[in-house]
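Descriptive structure summary
The chain contents come next:
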Protein chains: 2
Amino acid sequence: MKIIVDAFGGDNAPLEILKGCAEAVEELNIDIMLTGPRAEIERVAKEHEISLNRMEIADAPEIITMEDSAGDIMKTKKDSSMAVGLQKLAAGEGDAFISAGNSGALVVGTTMIVKRIKGVRRVAFAPVMPKDKDFFMLIDSGANVDCKPEMLQQFGIMGSIYMNKVMGVANPRVGLANVGTEDHKGGELQHEAFALLKQAPVNFIGNIEARDIPADAADVIVADGFTGNCILKLYEGVAMVLMSKLKGIFTKSVKNKLAAAMVLSDVKELKKTMDYNEYGGAPIMGASKPVFKAHGSAKAKTFKNALRLTKAYVEGNVVDEISASIRAINIAAKEQGRESTAE
Amino acid sequence: MKIIVDAFGGDNAPLEILKGCAEAVEELNIDIMLTGPRAEIERVAKEHEISLNRMEIADAPEIITMEDSAGDIMKTKKDSSMAVGLQKLAAGEGDAFISAGNSGALVVGTTMIVKRIKGVRRVAFAPVMPKDKDFFMLIDSGANVDCKPEMLQQFGIMGSIYMNKVMGVANPRVGLANVGTEDHKGGELQHEAFALLKQAPVNFIGNIEARDIPADAADVIVADGFTGNCILKLYEGVAMVLMSKLKGIFTKSVKNKLAAAMVLSDVKELKKTMDYNEYGGAPIMGASKPVFKAHGSAKAKTFKNALRLTKAYVEGNVVDEISASIRAINIAAKEQGRESTAE
């Protein structure tokens, strides 16, 4: 298996990306194609004595900066490490593409270059996030601010397949983010999505209140991209403020510092379990080939974990499974005279 | 000033409500009209030796149960403590109404019985919630699942007035909940609301990402009721899971229990600052007279605080201020040939 890696995406590129790749080549038995400025990749690898064994380089001289608009990158920076990686994937030169770069650009670029699975209305940005015991997928988390009910049905199907095939969750519970648990809750979008999810080949458990998401309400939370993005970011925001307040407590006095030292490893563990970075990132669901977003601040170990998930994304035949499932519901919808979920 | 109190609303009614009222009569120098089954109120007061000094009782024999639908309560339970309280307020027999009962019923009942301020499109449920340093208002938090841009503009105006007059925030910063901070972010609703909020007589600071809400992004967060409800409930959900995980750490071993004992008071304080119960509740904004929702689990002290805020809601002339401000923007809109914000 060959995974194409954006060597210049993310806050810690290229050093941590290269380190993560070098570890992954050994541990995961994969080949890698790095995209980015060739000379710079070779210089950093040499300087830090990182082996480029089983890694080839696809030269991509342009660099994406913070000033570039996500929507324009794929038009104006066709020779960037991200655009080249997506082109190589589309051309069949690798089995998957992974980047820790700009999420918005990756969603736009995936749609433009790799294209969607036939019948899929929109790709979705779908991070796997921490909950009380383990994790859940939040789909969509911001790729689509305006959604149709059929898109939410597809999100449920795609998320269910991913959580089963890649994350190993048996019969994933799919829930619809809503303002209450009763069936009739929400607006028109939720009412129609609820009906469609009930007909979908997933374990749909109904509406989920935001309050219950961090507990263990469902394995897949379906939402329009606006709601999902608010959930994603508030999750992070509340946890950050609480952890910072906790830090304030633990550094307030000598006595408190002593107490902190006694529970330090446990609190670090807590911080880790609330950090969605640790789960390695977010697949772009609905793309015709596996595209994976690693967390922007990923260091070597996290990036290696993301490569592990990307490998599982390929091996789980997730794209084929989604394709077959979407085709089946589209045929069923047509037979019943309803609008197909395809555009 | 006379405040009408739903003596039978909330998890701890009537006992904690009566206790809170008795304390408030002394501390806040107010008169109270209690609504609920007269005999039961008198029995509980006697049994617990609670003085009913400066309190009159408006008999309301019906009890609202968990099985009653919020939408139907005002039709089917016209003699419930909540409905009678709202009727007494509408009839001018008191200056404000406060209840710790069903939020949905209170919103519906307020609209039906107390009515909206002229020109206000919808009442909003607007809790004051904790953030890193102090607090902010989240308006709307669920009264209106589907919103028009003009409603969001009115929410910003109403929230700004309340935070200034009741919570004492000078020149409150009003922000629009959105998926990014740039002006063009969000869907059609956000684009139009953004333009209207810029024209409103408030200190509008633009779009706010959910990540920044718990920090100190703004004093008033404007959102449609669906988004606001997700924010409200996720806020609570994430904090609950984190505090429960922290509790797990502190009870894990003898060593950890010792550490916990050393920081116990500080952690309790932290828990308190994250509890929106402590801020005492949520005004129903846009009602033609002050209506206030106290937290359902309010005990005497919290209920007394809610009474203090209700008193400030009356004394701040919030209803008149809102009325004048909404009238002014509606006149301005008409002069410019735009749609009035009134229905």
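Report follows, based on the coordinates. (Residues numbered from 1 in each chain as written. Chains lettered and ligands numbered in written order. Predicted model: local features only at pLDDT ≥ 70, side-chain atom pairs only at ≥ 80, totals over all residues. Heavy atoms only, no water.)

Let us look at the sheet that holds strand β6 (residues 128-130) of chain A. Residues and elements named next belong to chain A. The sheet built from five strands is open, its strands ordered β6-β7-β10-β8-β9 with mixed pairing. The open sheet is flanked by β6 and β9 (203-209), the only strands paired with a single partner. Ignoring strand direction, the axes of neighbouring strands in this sheet form an average angle of 35 degrees. The pairing of β6 with strand β7 (residues 135-139) spans three bridges and is antiparallel. Looking at the pairing, Val128 lines up with Met137 of β7. Strands β6, β7 and β8 (173-178) of the sheet are contacted by helix α8 (residues 225-250), whose axis makes an angle of about 140 degrees with β7. (Pairing = 2+ DSSP bridges. Helix = DSSP H or I, 4+ residues; strand = E, 2+ residues; numbered from the N terminus. Axes fitted to C-alpha atoms, helices over the stretch in contact; angles between N-to-C directions. Contact = heavy atoms within 4.5 Å.)

Time to look at the nonpolar core. One finds Val5, Leu34, Ile139, Tyr162, Met285, Phe303 and Leu307 of chain A to be the most contacted residues of the largest nonpolar core, which totals 67 residues. Looking at this core, the element that brings in the most residues is helix α6 (residues 149-165) of chain A, giving eight residues. Among residues more than four places away in sequence, those in contact with Leu34 of chain A are Val5, Ala7, Leu18, Cys21, Ile41, Leu52, Met55, Glu56, Ile57 and Ala58 of chain A. Counting residues in each nonpolar core, the second largest holds 66 residues, with Met55, Val174, Met285 and Ala306 of chain B among its members. (Core = buried A, V, L, I, M, F, W, Y, C linked by side-chain atoms within 4.5 Å. Buried < 20%, exposed > 50% of the residue type's maximum accessible area, 1.4 Å probe, protein only.)

The next subject is the relation of the copies chain B and chain A. Superposing chain B onto chain A takes a rotation of 180 degrees combined with a translation of 0.0 Å along the rotation axis, leaving an RMSD of 0.1 Å. When the rotation and shift are considered jointly, the pair of chain copies conforms to a two-fold rotation axis. Measuring from the rotation axis to each C-alpha of chain B, the shortest distance belongs to Ala259 of chain B, at 2.1 Å. Mapped onto chain A, 100% of the interface residues of chain B again fall at the interface, so both copies present the same surface. (Least-squares fit on C-alpha atoms with pLDDT ≥ 70 in both.)

So, on to the interface of chain B and chain A. The partner chain A presents 48 residues to the 48 residues of chain B that form the contact. The tally of links between chain B and chain A comes to eight salt bridges. Where Lys233 of chain B meets Glu209 of chain A, a salt bridge forms, and the shortest distance between an N and an O atom there is 2.3 Å. At the surface where chain B touches chain A, the tally comes to 14 residue pairs in polar contact (both at pLDDT 80 or more). (Salt bridge = Lys/Arg side-chain N within 4 Å of Asp/Glu carboxyl O. Polar contact = N/O pair within 3.5 Å; in protein donor to acceptor, adjacent residues only side chain to side chain.)

Quick look at the sheet that holds strand β1 (residues 2-6) of chain B now. The strands that make up a sheet are held in pairs by hydrogen bonds between backbone atoms, and each pair lies either parallel or antiparallel. All names here are of chain B. The mixed open sheet is built from seven strands, whose spatial order is β3-β2-β1-β4-β12-β11-β5. Looking at which strands have only one partner, the edges of the open sheet turn out to be β3 (55-59) and β5 (124-125). As paired strands, β5 and strand β11 (residues 282-285) are joined by two bridges and run antiparallel to one another. When the sheet's bridge partners are listed, Ala124 is paired in β11 with Met285. Across the sheet, helix α5 (residues 103-114) lies against β4 (96-99), β5, β11 and β12 (291-293), angled at about 175 degrees from β12, the strand it touches most.

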